[in-house]
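Residue-level structure breakdown
The residues making up each chain are set out below.
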Amino acid sequence: MSVYTDLSASEVAAYLSQFSLGDYDDHQGISAGVENTNFFVVAGGHKYVLTIFEHHSAKEVENFIKVGRHLAEQGVPVPGPIADAQGLYLHSLKNKPAILCPCLPGSHPEQITADHCQQIGAALARFHLAGEGLDSLEENNRGLQWWPEVGRELIQANMATGLQKVALLTEEQQEILIDEIEFQESNTELWYELPRGLIHGDLFHDNALFEIVEFKSTETDGDKLGAILDIYNSCQDAWLFDLAIVANDWCANSAGVWQEGNLPALMAGYQSVRELTTLEQQAWGMCLRAAALRFWLSRMMTQQHQAEAIAKDPMAALVTTTKDPMEYFLKLVRHRDTQY
Ligand SMILES: Nc1ncnc2c1ncn2[C@@H]1O[C@H](COP(=O)(O)OP(=O)(O)OP(=O)(O)O)[C@@H](O)[C@H]1O
Ligand SMILES: N[C@@H](CCO)C(=O)O
């Protein structure tokens, strides 16, 4: 459940009246997603998505608007924000930043196939290249600098609270965490030599929509990528790191086992648009590990914050969606044991 900020019909109608889209017809909270509040809204017979940002400042949202508009203009299938009759994109609802976007077609596929991976690979490469016209991109605030910082904080919290309270890390996990942070830090120079630019930063399969074809009558009939969503982690970092984030989620199961055919399809799709350099090919194992470390850490951090919030107010458990940190620990361990 992810409607943290509820809106009445008259509040949505008042908001929509600033746009030239026709009268309010309906609105409905979207249960998927964990970070922001999203509603499907219908006005003038057309469907839109209204997002209220729960944790981002107006300045950060201004930046998402800039990136979203730029990518949509370049033909990348992201929802480009819509301006009101005064030409304004950013609004405030219940004192939080809010934007309106078109509702893009498709749904999340139940089973990820090699064809989905091929399409998302090509779309990711286009996303990377389309970012080249954007100036003053923000550096990744969950990148190379963040891992040691949050990793050490988590270790301290782990030791301070004792395993029975938050149960963040076993002794073995703690050792692996320290070793992995040292490994990544020792590769800082290589990291900054990798081709870099705009990255999505969170292109998990639940952030993409496909127009699903139920009955395929020919070989070429297939689901078609309809949208890349949730560009709210986009920033500047190594492109290969972004590809590794996608590989870890789309191509491996929750135990970290590669799914037959998916990884080659992802790589072929990406390279049909942008060839990887020799340095990137050499750095693939490091980036897969970095991407696993990034989400192991962020999921543990979220879990810890949620545990603290629930300890203060048990009702917080009702609006809590948890993503399992263990999945990313297992992925990291597999990558550490594999020669790429
Ligand atoms: N423009 C859009 N068109 C169609 N559906 C959308 C659009 N934006 C959001 N959605 C739907 O809303 C859901 C939640 O959106 P989103 O992933 O952006 O939420 P979030 O809380 O910001 O995400 P996260 O949990 O990844 O941080 C999506 O999974 C999708 O089903
Ligand atoms: N995609 C993230 C959550 C949203 O940032 C994860 O699966 O941990």
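Residue positions are given per chain, counting from 1 as you read along its sequence in written order. Here every chain gets a letter starting at A, and every ligand a number starting at 1, in the order they are written. Per-residue local features of the predicted model are confined to residues with pLDDT of at least 70, and side-chain atom pairs are confined, for both listing and counting, to 80 or more; whole-chain, interface and lining totals are unaffected and use all residues. Side-chain numbers come from the whole structure's heavy atoms, not from hydrogens or water.

Regarding the pattern of salt bridges
When a carboxyl oxygen of Asp or Glu lies within 4 Å of a side-chain nitrogen of Lys or Arg, that pair is called a salt bridge. If you walk through the whole model with that rule in mind, you get 13 salt bridges. Between Asp 179 and Arg 336 there is a salt bridge whose closest N-O contact spans 3.0 Å. Residue Asp 179 is located in helix α6 (residues 171-186), and its partner Arg 336 is located in helix α12 (residues 325-336); the two are separated by 157 residues in the primary sequence. Exposure categories follow from relative accessible area, calculated using a 1.4 Å probe and restricted to protein chains: below 20% of the type maximum is buried, above 50% is exposed, and the middle band is partly exposed. Among the residues examined, Arg 336 registers a relative accessible area of 25% and is labelled partly exposed. The salt bridge partner of Arg 289 is Glu 180, with a shortest N-O separation of 2.8 Å. Within this pair, whereas Arg 289 is found in helix α11 (residues 284-312), its partner Glu 180 is found in helix α6, the two being separated by 109 residues in sequence. Classification of Arg 289 by relative accessible area gives buried; the value is 13%. Helix and strand assignments follow DSSP, with helices taken as H or I runs no shorter than four residues and strands as E runs no shorter than two, numbered in order from the N terminus.

Describing the site of ligand 1
Close contacts around ligand 1 come from 19 residues, with Val 34, Glu 35, Asn 36, Leu 104 and Asp 230 the closest. A 3.5 Å cut-off defines polar contacts: any pair of N or O atoms within that distance qualifies, except that in protein one atom must be a possible hydrogen donor and the other a possible acceptor, and neighbouring residues in sequence count only when both atoms are side-chain atoms. Note that a nitrogen atom of ligand 1 is positioned 3.0 Å from one of the backbone N or O atoms of Pro 102. Within the side chain of His 108, an N or O atom sits 2.9 Å from an oxygen atom of ligand 1. Throughout, the Shrake-Rupley method with a 1.4 Å probe supplies accessible areas, and for residues the shown protein chains are the sole cover considered. Taking 620 Å² as the accessible area of ligand 1 by itself, protein coverage stands at 92%. Nonpolar residues are Ala, Val, Leu, Ile, Met, Phe, Trp, Tyr, Cys and Pro. Charged residues are Asp, Glu, Lys and Arg, and all others, Gly as well, are polar. Classifying every residue of the shell around ligand 1 by side-chain character gives 11 nonpolar, five polar and three charged. If even one non-hydrogen atom of a residue comes within 4 Å of a molecule or strand, that residue is called near it.

Some remarks on unusual backbone geometry
Of note, the phi angle at Asn 95 is positive, near 65 degrees, even though the residue is not glycine. Within the secondary structure layout, Asn 95 lies in the loop between β4 (91-93) and β5 (96-102). The class of Asn 95 is exposed, set by a relative accessible area of 78%. Notably, Asp 230 is not glycine yet its phi reads approximately 55 degrees, a positive angle. By secondary structure assignment, the location of Asp 230 is in the loop between β8 (224-228) and β9 (235-238).

Quick notes on the domain arrangement of the chain
In this document the domain limits rely on a domain assignment from an automatic tool or a database. What the domain assignment lists for the chain is domain 1 (9-102) and domain 2 (136-204 + 233-261 + 276-336). Domain 1 and domain 2 are separated by 29 Å when their C-alpha centres are compared. Residues count as neighbours in contact if any of their non-hydrogen atoms are within 4.5 Å of one another. On the domain 2 side, the residues contacting the six residues of domain 1 number six residues. Accessible surface is computed with a 1.4 Å probe, and the buried area is the amount of it that two parts give up when combined, taken over both parts together. Considering only the surface of domain 1 that becomes buried against domain 2, Val 34, Asn 63 and Val 67 emerge as the three largest contributors, covering 56% of it. Our enumeration of links across domain 1 and domain 2 arrives at zero salt bridges. At the boundary of domain 1 and domain 2, one finds zero residue pairs in polar contact (both at pLDDT 80 or more). Partitioned by chemical class, the residues of the side of domain 1 that touches domain 2 number three nonpolar, one polar and two charged.

Observations concerning the site of ligand 2
Every residue lining ligand 2 is accounted for by Asp 202, Phe 204, Phe 295, Arg 299 and Lys 323. Here an oxygen atom of ligand 2 sits 2.6 Å away from a polar atom, N or O, in the side chain of Arg 299. In isolation ligand 2 offers 260 Å² of accessible surface; the protein chains occlude 84% of this area. For the shell around ligand 2, the residue count by class is two nonpolar, no polar and three charged.

Comments concerning the sheet that holds strand β3 (residues 46-52)
Strand order in the open sheet formed by five strands is β1-β2-β3-β5-β4, and the pairing between neighbours is antiparallel. Strands with a single pairing partner mark the edges of an open sheet, and in this sheet they are β1 (24-29) and β4. The sheet shows a mean angle of 35 degrees between the axes of neighbouring strands, taken without regard to direction. The rule for pairing is simple: two strands pair if DSSP sees at least two bridges between them. By the bridge criterion, five bridges tie β1 to strand β2 (residues 37-43) in an arrangement that is antiparallel. Paired with His 27 across the strands is Val 41, a residue of β2. An axis is simply a line fitted to the C-alpha atoms; with a helix, the fit covers only the stretch in contact. Between two such axes, the angle follows the N-to-C directions and lies from 0 to 180 degrees.

Brief notes about the layout of surface pockets
Within this scheme a cavity is a closed region of a 1 Å grid, computed over the protein atoms alone, that accommodates a 1.4 Å probe without allowing it to escape, whereas a pocket is open but has protein on both sides within 12 Å along at least five of seven lines; lining residues each have an atom within 4 Å of a point. Grid points are joined across faces, edges and corners, and a volume is the space filled by probe spheres set on the points. Each pocket or cavity is described by its volume, and for the second largest pocket that value is around 280 Å³. If you trace the second largest pocket, you find 17 residues lining it, with Ile 112, His 205, Asp 249, Ala 252 and Asn 253 closest to the centre. Of all the secondary structure elements, the ones that give two or more residues to the lining of the second largest pocket are α8 (239-250) and α12. The residue inventory of the lining of the second largest pocket, partitioned by class, reads four nonpolar, six polar and seven charged.

Here we look at α6
In this model α6 runs 23 Å from its N-terminal to its C-terminal C-alpha over 16 residues, within 8% of the 22 Å that 1.5 Å per residue would give. For α6, the complete set of buried residues consists of Gln 173, Gln 174, Ile 176, Leu 177, Glu 180, Ile 181 and Gln 184. Around the axis of α6, the buried residues are gathered within 160 degrees of arc, so they sit on the same side. For α6, the exposed residues lying more than 90 degrees away from the buried face are Glu 171, Glu 175 and Ser 186. Expected span of a helix, by definition, is 1.5 Å for each gap between consecutive residues, and there is one gap fewer than residues. Here the arc refers to the directions that run from the helix axis out to each C-beta atom.

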